[in-house]
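So you can see what is in the structure, the chains are spelled out below.
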Amino acid sequence: MALQQYQREFIEFLISQNILSFGSFTLKSGRISPYFLNTGKFNTGESLSKIGKFYAKTIEAYSHELVYDGIFGPAYKAIPLISSTVIALSDTFKKNTPYSFNRKEIKDHGEGGNIVGAPLSGNILIIDDVITAGTSIRESFNIISKSGAKVSGILIAVDRQEKGTGHKSAVQQIEDDYSVPVKAIVNLDQIIEYIKEKGGYDEQLLKMEEYKALYGV
């Protein structure tokens, strides 16, 4: 899909807020990456409002593939993301969407259980920031299936399009293992396309393309 205006705006937002930064970063894998995505910087009311709108616009852009009755976010980082997304779906697209998230520890008093929010039923769209090893996504599948619901798709902020230990990315591995669509607001190819269009990123562009040649899928 060609780079859409909302995707350009999202990349501009990531760079302006220093959520996407360029330099030399050692990842958990030991790889030296020329860029880094710090989604922990979605930490103000304005940034959360904006990220929710970007997720909502992406859901609508892929509405033929992302079919859902409710939205789920794995604890803890995805909780504010799903909250802002369902608000944006309501405000912008007039869709009143149930949402829920899990507790890390099961509550044995009050309402009990490990799910907070709407009961999980029907088709569930999982929202998270990125998929690295895929651990939280796999845990989410287990939680949702045990509740009698079905995961119908996954939406993340950025797809690094990067190989894991094998020849596939974590996103591709999840798609293969669970046969569900995994979409992103933007992927690495689109970030590269944007900085080519924008200009002024010659050094960063060269390093990103070299990194992609080594580790890209």
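Note that this is a predicted model, so its numbers are computed, not measured. (Residues numbered from 1 in each chain as written. Predicted model: local features only at pLDDT ≥ 70, side-chain atom pairs only at ≥ 80, totals over all residues. Heavy atoms only, no water.)

Brief notes about the pattern of salt bridges
- Under the definition given, this model contains twelve salt bridges.
- Across the salt bridge formed by glutamate 197 and arginine 8, the nearest N and O atoms sit 2.9 Å from each other. Pair noted here: glutamate 197 is in helix 6 (residues 188–198) and arginine 8 is in helix 1 (residues 5–16), with a separation of 189 residues, a long-range link.
- Judged by relative accessible area, which is 44%, glutamate 197 ranks as partly exposed.
- Here glutamate 46 makes a salt bridge to lysine 50, at a shortest N to O gap of 3.4 Å. Separated by four residues within a single helix, glutamate 46 and lysine 50 lie in helix 2 (residues 45–61), roughly one turn from each other.
- With a relative accessible area of 54%, glutamate 46 lands in the exposed category.
- It is possible to trace a salt-bridge network through shared partners that takes in Arg31, Arg160 and Glu162. (Salt bridge = Lys/Arg side-chain N within 4 Å of Asp/Glu carboxyl O. Helix = DSSP H or I, 4+ residues; strand = E, 2+ residues; numbered from the N terminus. Buried < 20%, exposed > 50% of the residue type's maximum accessible area, 1.4 Å probe, protein only.)

Some thoughts on the packing of helix 2 against helix 3 (residues 78–93)
- The contact between helix 2 and helix 3 brings their axes to 7 Å, and the two run at 65°. In this view, helix 2 runs roughly perpendicular relative to helix 3, as classed from their interaxial angle. When the axes of helix 2 and helix 3 are compared, the crossing they make is right-handed. Across the interface between the two elements, Leu48, Ile51, Gly52, Lys53, Tyr55, Ala56, Lys57, Ile59 and Glu60 of helix 2 pack against Pro80, Leu81, Ser84, Thr85, Ala88, Leu89 and Phe93 of helix 3.
- For the contact of helix 2 with helix 3, the residue count by class is ten nonpolar, three polar and three charged. (Axes fitted to C-alpha atoms, helices over the stretch in contact; angles between N-to-C directions. Parallel < 35°, antiparallel > 145°, perpendicular 65-115°, else oblique. Left-handed = near helix turned anticlockwise from the far one by under 90°. Contact = heavy atoms within 4.5 Å. Nonpolar A, V, L, I, M, F, W, Y, C, P; charged D, E, K, R; others polar.)

Topic: the side chain of serine 21
- Mapping serine 21 onto the fold places it in strand 1 (residues 20–26).
- A residue is classified by how much of its surface remains accessible, and serine 21, at 14% relative accessible area, is buried.
- Sequence-distant contacts of serine 21, defined by excluding residues within four places in its chain, comprise Pro34, Tyr35 and Phe36.

Quick notes on the packing of aromatic side chains
- A complete count under the given rule lists seven aromatic pairs for this structure.
- Ring geometry for phenylalanine 13 against phenylalanine 54: centres 5.9 Å apart, planes inclined by 35°, an arrangement best described as tilted. Placement of the pair is phenylalanine 13 in helix 1 and phenylalanine 54 in helix 2, with a sequence separation of 41 residues. Neither phenylalanine 13 nor phenylalanine 54 differs from the other in exposure class; each is buried.
- Ring-pair connections join several aromatic residues into one group, and the members of that group are Phe10, Phe13, Phe42 and Phe54. (Phe/Tyr/Trp six-rings, centres within 6.5 Å; stacked < 30°, edge-to-face > 60°.)

As for the pairing of strand 3 (residues 70–73)
- Residues Gly70 and Phe72 of strand 3 are buried on one face, and the alternating residues Ile71 and Gly73, pointing to the opposite face, are buried as well.
- Where strand 3 lies against strand 6 (residues 123–127), three bridges are found, and the strand directions are parallel. Note that in strand 6 the partner of glycine 70 across the bridge is isoleucine 124. (Pairing = 2+ DSSP bridges.)

Looking at the packing of helix 6 against helix 7 (residues 202–215)
- Orientation of helix 6 relative to helix 7, taken along the N-to-C sense of each, is 155°, at an axis distance of 11 Å. The orientation of helix 6 with respect to helix 7, classified from their angle, is roughly antiparallel. Helix-helix and strand crossings are classified by hand; for helix 6 and helix 7 the assignment is left-handed. Between helix 6 and helix 7, the contacting residues are Leu188, Asp189, Ile191, Ile192, Ile195 and Lys196 on the first element and Leu205, Met208, Glu209 and Lys212 on the second.
- Residue classes in the contact of helix 6 with helix 7 are distributed as six nonpolar, no polar and four charged.

Description of helix 2
- In this model, helix 2 (17 residues) spans 24 Å end to end at C-alpha, consistent with the 24 Å of a helix rising 1.5 Å per residue.
- Its buried side turned inward, helix 2 meets helix 1, strand 3, helix 3, strand 6, strand 7 (150–159) and strand 8 (182–187). (Expected span 1.5 Å × (residues − 1).)

As for the nonpolar core
- Ranked by size, the top nonpolar core spans 43 residues in total, and within it Phe10, Leu14, Ile71, Ile127 and Ile185 carry the most contacts.
- Per-element accounting of this core gives the leading share, six residues, to helix 3.
- Excluding anything up to four places from it in sequence, isoleucine 185 contacts Tyr6, Gln7, Phe10, Ile51, Phe54, Tyr55, Thr58, Leu155, Ile156, Ala157 and Gln190.
- The next biggest cluster of nonpolar side chains, apart from the first, holds 19 residues, and it includes Ile156, Val180, Val182 and Ala184. (Core = buried A, V, L, I, M, F, W, Y, C linked by side-chain atoms within 4.5 Å.)

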